[in-house]
Amino acid sequence: FSDAPLREYMIINYLNMKVILVMMAAIMCHLTALAQEDLSADVKPKYVALSFDDGPSLKFTPMMLDVLEENGVKASFFLIGQNINEETAPIIRRMVQMGCDVENHTYSHPNLTQIPDSLILAEVAKTDSLIEAYAGAKPVYLRPPFTAHNAHVAGLVDGKIFISGLSCQDWRADMPVEDRVTKTLARVEDGRILLFHDTNERTVEAMKTIIPQLKARGYEFVTIPELFRLSGHTPAYNSPKMYGRAY
């Protein structure tokens, strides 16, 4: 009696088993890939826009731009007209070269709801002209000082979108760096415009933590115009509403 048929039978079974295992591995790889695709489809990108008021500052704005550049992000800068001159011109050009947008924060930082119409128009127009001359484009967005706004100002100032933002009150000189960080991180949400000032060193230091922390949470940094474009929402011109978020 020969055991050849038994060996042949075992070999055939062994080969069949290998084929089955290979097929099962291929199926598992395919199912894993499909699951990862579904998971990726469910994860929507989160966007946030950094914005800075009251510059350009000869001392602090370059420091802020350094932090932004080191982290590979851009921001929106709302400039005060009386700070725009030949001395600060290189700072403004650097903003533009970095992909930041340059917007209007009036000429002398008055409360627009408390001054005559002629002064309101002059405050906006003078700053528009200066920014267009130094940045190469007329601003579309206006952040009223003290975020003081009403329907009268909205109707008077033509061709502007009014912007507010989520503020940690970093204009307060006595606020520690840690408070600027924690107050911001506790309230940030997708689509938010964050309002800071590039006029003090503590906010510069806070950005060194805020930006990496938000990146770790999955946020992407964009300018305010990009934020609205990505949201698919078109903000209204000459509106009594101030936009602090895109959606």
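In what follows, the structure referred to is the one given above.
Fair warning: this is a prediction, and the values are worked out from it, not measured in the lab.

Analysis parameters
- Residues numbered from 1 in each chain as written.
- Predicted model: local features only at pLDDT ≥ 70, side-chain atom pairs only at ≥ 80, totals over all residues.
- Heavy atoms only, no water.
- Helix = DSSP H or I, 4+ residues; strand = E, 2+ residues; numbered from the N terminus.
- Buried < 20%, exposed > 50% of the residue type's maximum accessible area, 1.4 Å probe, protein only.
- Areas by Shrake-Rupley, 256 points an atom, 1.4 Å probe, with all protein chains shown as cover.
- Pairing = 2+ DSSP bridges.
- Salt bridge = Lys/Arg side-chain N within 4 Å of Asp/Glu carboxyl O.
- Contact = heavy atoms within 4.5 Å.
- Polar contact = N/O pair within 3.5 Å; in protein donor to acceptor, adjacent residues only side chain to side chain.

### Observations concerning the overall build of the protein
Tallying secondary structure elements over the protein gives eight helices and eight strands in all. Per-residue burial over the protein gives 42% buried out of 247 residues. Accessible surface, the protein: about 13,000 Å² in total, of which carbon and sulfur atoms supply 57%.

### A short note on the pairing of strand 7 (residues 192-197)
Of all six residues that make up strand 7, six are buried, and the element is covered over most of its length. Side chains Arg192, Leu194 and Phe196 of strand 7 all project onto a buried face; the interleaved residues Ile193, Leu195 and His197 project onto the opposite face, where all are buried too. Two elements, strand 1 (residues 46-55) and strand 7, share six bridges in a ladder whose sense is parallel. Across the sheet, residue Leu50 finds its bridge partner in strand 7, namely Leu194.

### Thoughts on the pattern of salt bridges
Side-chain pairing between opposite charges can occur once the charged atoms of the two side chains come close. Here the structure, examined in full by the defined rule, presents nine salt bridges. Salt-bridge contacts for Lys160 lead to Asp128; the nearest nitrogen and oxygen are separated by 2.9 Å. Taken together, the residues Lys160 in the loop between helix 5 (151-156) and strand 5 (161-162) and Asp128 in helix 4 (residues 117-135) connect sequence positions 32 residues apart. A relative accessible area of 2% places Lys160 in the buried class. Judged by its relative accessible area of 7%, Asp128 falls in the buried class. A salt bridge links Glu189 to Arg245, with the shortest nitrogen-to-oxygen separation between them at 2.9 Å. Placement of the pair is Glu189 in the loop between helix 6 (177-187) and strand 7 and Arg245 in the segment after helix 8 (224-231), with a sequence separation of 56 residues. Residue classification places Glu189 among the partly exposed residues on the basis of a relative accessible area of 36%. Here Arg245 falls in the partly exposed class, since its relative accessible area comes to 31%.

### As for the environment of Ser76
Tracing the sequence through the fold places Ser76 in strand 2 (residues 76-79). In sequence terms Ser76 and Val102 are 26 residues apart; their C-alpha atoms lie 6.1 Å from each other. With residues near it in sequence (within four places) discarded, Ser76 still touches Leu50, Ser51, Phe52, Asp101, Thr223, Ile224 and Pro225. Within the structure, the side chain of Ser76 is placed 2.4 Å from the side chain of Asp101, a separation counted as a polar contact.

### Quick word on unusual backbone geometry
For the bond running from Gly55 to Pro56, omega is 0°, close enough to zero to count as cis. Its identity as a non-glycine residue notwithstanding, His109 has a phi of 65°, on the positive side. Along the polypeptide, His109 turns up in the loop between strand 3 (101-104) and helix 4. Taking relative accessible area as the criterion, His109 reaches 21% and is therefore assigned partly exposed. With phi around 45°, Thr147 is a residue other than glycine that occupies positive phi space.

### Re the side chain of Thr203
Relative to the elements of secondary structure, Thr203 occurs in helix 7 (residues 201-216). At 2.9 Å, the side chain of Thr203 forms a polar contact with the side chain of Arg180. Once you skip the residues sitting within four places of it in the chain, Thr203 turns out to touch Met64, Asp170, Arg180, Phe196 and His197.

Purely spatial values, then, with no claim about function.
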